[in-house]
Amino acid sequence: MAAEAHAPTASEYIVHHLQHLQNIKQKSIVDFSVINMDSIAVSVILGLLGLFVMWLAARKATSGVPGRFQAAVEMLVEMVDNQAKANIHNAQSRKFIAPLALTVFVWIFLMNAMDMLPVDLLPVLWQGATGDHYAYLRVVPTADLSTTLGLSCGVLVLCLIYSVKIKGAGGWAHELVTAPFGTSKNPIFAVILGVVNLAMQIIEYVAKTVSHGMRLFGNMYAGELVFMLIALMGGAAAMSLSGVLLPVGHIIAGSIWAIFHILIITLQAFIFMMLTLIYLGQAHEAH
């Protein structure tokens, strides 16, 4: 009875699973001193895992008939390389951008795939390791806005670097004040258009960066919530064995969503990679 009295409600269960393992307690709504330690740790581990898998594929590559693992990796590399060639027409830039795109796809796919693990598996193991029944742990880094916006800001920095590298500092500065509305021979109109063009360019950069990160975050956050709701259905079924439809519904819903989610995690990784290539391609083009 005591265990039942202290059992969390559905809202408490979800709120607990949405809390991050942080370095300090947040003191305000926006506190830049707070670090989500779980997102950093999981993303670093998965990044190293992705590097190891790709290194293993390169190490075992042969010139003969490839095995399934080598064939899968070769198909992935060829797909990314084709997309890079379609969007980045500078062969020298592709030497860096194509491997970057491959890294982005593999890394984000692995981070998204953490959503396929049972909701309570790693949090319960973490609670047992720390001895704290209320210890927080979120295992899907891409369901953390700081992770996705960090990735999109990294893409923004690369776009700025390539804009200066390809067009020159003067050429890029000229583009900022002349595109998209052009300029005028009249000095007054030229200044007005320059200010408007600069404002539009800033808005474009900010909008692309925010939407780039928010799109991935929104999809993975929603998927995480659905898995939590399905887990709650299973918990309700375990506490009420007299019902038949609830346990069956839990199994069916969980299986269908997991299968569908495989497409989501792959598609979101592909979309983020493609937008990265498109934005970097735009940085190489002159208006």
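Parameters at a glance
Residues numbered from 1 in each chain as written. Predicted model: local features only at pLDDT ≥ 70, side-chain atom pairs only at ≥ 80, totals over all residues. Heavy atoms only, no water. Helix = DSSP H or I, 4+ residues; strand = E, 2+ residues; numbered from the N terminus. Buried < 20%, exposed > 50% of the residue type's maximum accessible area, 1.4 Å probe, protein only. Contact = heavy atoms within 4.5 Å. Areas by Shrake-Rupley, 256 points an atom, 1.4 Å probe, with all protein chains shown as cover. 1 Å grid on protein atoms, 1.4 Å probe; cavity = no way out; pocket = protein on both sides within 12 Å on 5 of 7 lines; lining within 4 Å. Points joined across faces, edges and corners; volume = space filled by probe spheres on them.

Asker: Help me understand the overall build of the protein in this model?
Answerer: For the protein, the helix and strand inventory stands at nine helices and zero strands. Beginning at the N terminus, the succession of helices and strands in the protein can be written as α-α-α-α-α-α-α-α-α. Across the 287 residues in the protein, those meeting the buried criterion constitute 34%. Restricting the contact set of the protein to residue pairs at least 6 apart, pairs at least 24 apart contribute 71%. On the protein, roughly 16,800 Å² of surface is accessible, and the fraction owed to carbon and sulfur atoms is 73%.

Asker: Help me out: how do you make sense of the layout of surface pockets in this one?
Answerer: Unoccupied space between atoms shows up once a probe the size of one water molecule is rolled over them. Space inside the second largest pocket adds up to approximately 320 Å³. For the second largest pocket, the lining is made up of 17 residues, of which Leu100, Leu102, Thr103, Val104 and Trp107 are closest to its centre. Taken together, the elements giving at least two residues each to the lining of the second largest pocket come down to helix 3 (37-59), helix 5 (91-113), helix 7 (145-178) and helix 9 (245-284). Top contributing element to the lining of the second largest pocket by residue count: helix 5, with seven residues.

All we've got here are geometric facts, nothing functional implied.
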